[in-house]
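Listed below are the residues making up each chain.
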Amino acid sequence: MHLAYPAVLSALLFATGLYGVLARRNAILVLMSVELMLNAVNLNLVAFDVWLSKTARDTLHSGQALTLFTIAIAAAEIGIGLAIVLAVHRNRGTADIDRLRDTAEPGNDDPDDDSDDDSDGSGSTRSEPAEKAEATA
Amino acid sequence: MTTTTLAVLVPLLPFLGAAAGLLLGRTAPGFARPLAVLPSVAALALAAVVAVRQGGGQAVDAATELTPTGSVPVELALHIDGFAALVAILVGLVATCVQIYSTGYLRHDPRYTSYAALVSLFTSAMLLVVYSGDLMVLLVGWEIMGICSYFLVGHYWETPEARAASIKAFLVTKLGDVPFLIGLFALAADTGSFRITKILGNVASGGLDHPTLIALLLLAGVAGKSAQFPLHTWLPDAMAGPTPVSALIHAATMVAAGVYFIARLLPVFTASAAALVVLAVMAAVTMAGSALAALAQDDIKRVLAYSTIGQLGYMTGALAVGDRGAAVFHLLAHGAFKALLFLAAGVIIHAAGTNSLAAMSRMKDLRARVPDAYWTMTVALLALAAIPPFSGFFSKESVLGAAEHAAVGHAESVPGAAGWIVLVSGLVTALLTAAYAMRLWLLAFHGHGTEAPDHGRQPVAMNSVLWLLALPSLAFGLATGVLPDWFDGRDLTPTLTTAVLGTGVALVGGIVTYGAWRHTTAMAGRVPLGAVAAHPDADGGLVEAEAIASHEPAYGNVASAPDPADPGRLLLGPLHRHAAVGFHLDAVYAALFVRPVQAAATLVRFLDREVVDTYVRGAGALPRWLGAAVRRAQTGNLQTYVSALLAGTVVLVVAALLVATAGA
């Protein structure tokens, strides 16, 4: 199999993940998008490992070893991430990233924050299922 | 035990007592009294044994060098001659009396333990100064005394007077100590040793290159410690401390250290005629000025403080005419009777509830309330006024005799001018001394008006000490014949001329004051006065602190009172106003030193706040603006941050690619 196929596939996966991280509002979806990005990298690692071992430049399969490494770390990361999201949801009743702005610099960004919050707030106050539907979409 | 061991124990025991008192004071307050009194008693006994063994003969010398210093060696040395042996007994005696007295005077004081430990430490330092044969070791004791004096004057630190007085005492004495230290180094540089014996041997063989400079530098330190003009201003203010402290430190021992120091190194001073004349002028100004000031004071303790300054003037006068025997004789006699005067004054203040002579002169029968203080104080005042046969007569006459001896040119290496200055000022001061002693006695004990308050009998610890100290005031004159064996061998018996002159002027002073008092006392009824403590039944120390604090609100001045019945006011006439404030010396110091320093401080403050800080603030402005701008990006929205991160990464990658392709 030509190297281009997995490379393109992983690029697409990565772009999808990146879009998810940047655009999704639900924290769980953001975490899933992060997983997509990680797996795009894993796919690259495995593909290039095979390609390099074919040309006998690398006989140690360090790409595959690194992939296992990444999977283990990704598992730990997603565990912690989900725990945090769960805790936040229990505390705040929401997992909407746009509304979790406690680290904002107080004072100077109130106006644009308010405008954001207004648009979000109108969305969330209209109907809970609608927001969920939007988030899961 | 050898004499040397005993002599080492003399300063060591009070030191250990002080250390134990400071360490155990909080945990075992029951031990505070024994720890205060017993080391002093033991030191007194050991000092007496050392004196008996030394016997006025060959000086006891011992030295050990702990570590080489590289240049002039500093040794732990003892040098005990007749002077040291006798002065040590005086220090031990007065310290013991003061410690016993304090157990009664400060018996309810919450800070008694630290007070007693500091008095012990002070005693130890003074004994170190007395016995030390090395000037650097002497300086250690000298400075410990300074810091102890600071703490003890400030014992009632709740009152602003005590705080100001302790800082003033410390600063003024340090002002003298800086030239003193330089003088010690110059002396060591000239003679190559800090040992007193070696220095004296070197001076005797004419090895001193700068005698005048060294003598004047040392004189500055002596003037500070012994409260001589112009550095005497701290002593009257130091009366804000408790009375036993005044008795021990500011009458009998610490102020005597300066005189004792000159007595030890007298050949260094006699090597320079100029230094002797300066010393004589200093003594004369001190004597006459302080006696005039004493006549105008209203606080009984300030009268005694100025009297101390004057009597120290006699001692420095004796040294100025080259007779250290007379100086130390007067030091010993004065130490005993002045300690007695202060301790008796403490009893009177306690009984009367006031330290103001004007208020006491309006109390009837105060002497019946404190019979012990009355009789012993009478004895001590007679000794102070140099009336025969009390001790002060013999010692003062020996000073005047030495001055006369020098004035007519019989003393070699002493300029006749110094002799005349000391003789004339000594006689004038004798007149004034008798006058203020008489005034003190009349005002304190012969008042008219309301009955004095009755607080019951004074504690035995306070009264018994008075009688113990009255003995040397009565009988020390008998030692006149024996003392020359202990000192330089010069005759100390009064000569007829000076004895008649001195006693005559003293009698005149006393009688004139009595006449003035009879004249003015009729006016006493017109002006009721009173600065009386709020808790007259309390412990002596508290009554005194309250009396000092109430003096200024009552009379508008800490030193004097507007009392028309005061004979001193009549005698001094227009001079009274100036004498009451110590001839404006404090104002002069304020104008010369305090205000320039304050102005400089204001200037520095202005430069720091307005000039330096402006640059600092200016330098901070740009980062602050940048920070404010960057802070606007901190929206709290994670996705914004990640977008910015992505954008940055893309830009960097594109840039790297462009650079790579451009290079290729």
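Conventions used here
Residues numbered from 1 in each chain as written. Chains lettered and ligands numbered in written order. Predicted model: local features only at pLDDT ≥ 70, side-chain atom pairs only at ≥ 80, totals over all residues. Helix = DSSP H or I, 4+ residues; strand = E, 2+ residues; numbered from the N terminus. Buried ≥ 20, exposed ≤ 12 C-beta atoms within 10 Å, placed from the backbone. Contact = placed C-beta atoms within 7 Å. Expected span 1.5 Å × (residues − 1). Nonpolar A, V, L, I, M, F, W, Y, C, P; charged D, E, K, R; others polar. UniProt positions renumbered as here; feature names shortened; annotations may be inferred. Axes fitted to C-alpha atoms, helices over the stretch in contact; angles between N-to-C directions. Parallel < 35°, antiparallel > 145°, perpendicular 65-115°, else oblique. Left-handed = near helix turned anticlockwise from the far one by under 90°. Pairing = 2+ DSSP bridges. pLDDT = per-residue confidence, 0-100.

Tell me about the overall build of chain A, residues and numbers included.
When helices and strands are counted, chain A shows five helices and zero strands. Buried positions account for 10% of the 137 residues belonging to chain A. Once local pairs closer than 6 in sequence are excluded, the contacts in chain A between residues at least 24 apart make up 49%.

With reference to specific residues and values, describe helix α5 (residues 135–153) of chain B.
Here α5 of chain B contains 19 residues, and its C-alpha end-to-end distance of 26 Å stays within 8% of the 27 Å for a straight helix at 1.5 Å per residue. Across the 19 residues that make up α5 of chain B, a large majority, 15, are buried.

For the interface of chain A and chain B, give the residues involved together with the corresponding values.
You'll often see interface size given as the accessible area lost when the parts meet. Taken together, the contacts link 13 residues of chain A with eleven residues of chain B. If one sorts the elements of the side of chain A that touches chain B by residue count, helix α1 (residues 4–23) of chain A sits on top with three residues. Here the side of chain A that touches chain B is composed, by residue class, of five nonpolar, two polar and six charged.

I'd like to hear about the environment of Asp-566 of chain B, residue by residue, with values.
All names here are of chain B. You can see Asp-566 is positioned in the loop between α24 (540–555) and α25 (567–572). A tally of 27 C-beta atoms within 10 Å means that Asp-566 is categorised as buried. For Asp-566, the residues in contact, after removing those within four places along its chain, are Ala-358 and Thr-520.

Go over the UniProt feature "transmembrane region" (unreviewed entry) in chain A, please, and point to the residues and values.
Mapped onto this numbering, the UniProt entry gives "transmembrane region" (unreviewed entry) at residues 65–88 of chain A. Split by type, residues 65–88 of chain A is 100% helix and 0% strand. Its first and last C-alpha atoms lie 35 Å apart.

A description of the UniProt feature "domain: NADH-Ubiquinone oxidoreductase (complex I) chain 5 N-terminal" (unreviewed entry) in chain B should follow, citing residues and the corresponding values.
In this numbering, the UniProt entry assigns the feature "domain: NADH-Ubiquinone oxidoreductase (complex I) chain 5 N-terminal" (unreviewed entry) to residues 68–115 of chain B. Here residues 68–115 of chain B runs as 58% helix and 10% strand, with 37 Å between its end C-alpha atoms.

Give me unusual backbone geometry: which residues, what numbers.
Geometrically, the link from Phe-229 of chain B to Pro-230 of chain B is a cis peptide bond, its omega value of 5 degrees lying close to zero. Here Pro-230 of chain B is to be found in the loop between α8 (211–225) and α9 (234–237). In this chain, Pro-388 of chain B is followed by Pro-389 of chain B through a cis amide linkage whose omega measures 5 degrees. Looking at the element boundaries, Pro-389 of chain B is found in the loop between α18 (371–384) and α19 (391–407). Phi is positive for His-61 of chain A, close to 55 degrees, though the residue is something other than glycine. Here His-61 of chain A lies in the loop between α2 (27–54) and α3 (62–92). Owing to 14 C-beta atoms within 10 Å, His-61 of chain A belongs among the partly exposed residues under this scheme. Even without being a glycine, His-584 of chain B presents a positive backbone phi close to 60 degrees. Note that His-584 of chain B resides in the loop between α26 (576–580) and α27 (585–631). Its 12 C-beta neighbours within 10 Å are what place His-584 of chain B among the exposed residues.

Quick one: what's the story with the environment of Leu-381 of chain B, residue by residue and with numbers?
All names here are of chain B. Mapped onto the elements, Leu-381 comes out in helix α18. As a C-alpha pair, Leu-381 and Ser-272 span 109 residues in sequence and 36 Å in three-dimensional space. If sequence neighbours within four positions are ignored, Leu-381 has contacts with Ala-437, Leu-440 and Trp-441.

How would you explain helix α11 (residues 254–264) of chain B if you had to name every residue and give the values?
In terms of burial, α11 of chain B is a largely internal element, eleven of the eleven residues being buried. Restricting attention to buried positions, one finds in α11 of chain B the residues Met-254, Val-255, Ala-256, Ala-257, Gly-258, Val-259, Tyr-260, Phe-261, Ile-262, Ala-263 and Arg-264 of chain B.

Which residues make up the environment of His-350 of chain B, and what values go with them?
With respect to the secondary-structure elements, His-350 of chain B resides in helix α15 (residues 324–352). Separated by 122 residues in the primary sequence, His-350 of chain B and Pro-472 of chain B have C-alpha atoms spaced 25 Å apart.

If you had to explain the packing of helix α13 (residues 273–296) of chain B against helix α20 (residues 416–445) of chain B to someone new, which residues and values would you point to?
Residue and element names in this part refer to chain B. Following both chains from N to C, one finds α13 and α20 inclined at 15 degrees, their axes separated by 9 Å at the closest point. Compared by their axis directions, α13 and α20 come out roughly parallel. Like other packed secondary-structure pairs, α13 and α20 cross with a definite hand, here left-handed. Among the residues making up the contact of α13 with α20, the classes are represented as 20 nonpolar, four polar and one charged.

Lay out the pairing of strand β2 (residues 76–80) of chain B in plain terms, naming residues and giving numbers.
All names here are of chain B. For β2, the tally of buried residues reaches four of five residues, placing the bulk of the element in the interior. Where strand β1 (residues 60–64) meets β2, five bridges bridge the pair, whose relative direction is antiparallel. Within β2, the residue paired with Ala-63 across the bridge is Ala-77.

Explain the UniProt feature "domain: NADH:quinone oxidoreductase/Mrp antiporter transmembrane" (unreviewed entry) in chain B residue by residue, including any values.
Feature annotation in UniProt assigns "domain: NADH:quinone oxidoreductase/Mrp antiporter transmembrane" (unreviewed entry) to the following positions: residues 132–403 of chain B. The distance separating the terminal C-alpha atoms of residues 132–403 of chain B is 29 Å; by composition the span is 79% helix and 1% strand.

Tell me what's going on with the confidence of the model for chain B, and back it up with residues and numbers.
Residues and elements named next belong to chain B. Averaged over all residues, the pLDDT of chain B is 85; the fraction at 70 or higher stands at 95%. Within chain B, no element has a lower average pLDDT than α24, which sits at 71, and none a higher one than helix α28 (residues 638–663), at 91. As scored by the predictor, the complex reaches a pTM of 0.76 and an ipTM of 0.70.

Please give an account of the packing of α1 of chain A against α2 of chain A that cites residues and values.
Residue and element names in this part refer to chain A. Here α1 crosses α2 at 160 degrees, and the two axes come no closer than 8 Å. As judged from the angle between their axes, α1 and α2 are roughly antiparallel. When the axes of α1 and α2 are compared, the crossing they make is left-handed. For the pair α1 and α2, contact is made by Pro-6, Ala-7, Leu-9, Ser-10, Leu-13, Phe-14, Thr-16, Gly-17, Leu-18, Gly-20 and Val-21 and by Leu-29, Val-30, Met-32, Ser-33, Val-34, Leu-36, Met-37, Asn-39, Ala-40, Leu-43, Asn-44 and Ala-47, respectively. For the contact of α1 with α2, the residue count by class is 16 nonpolar, seven polar and no charged.

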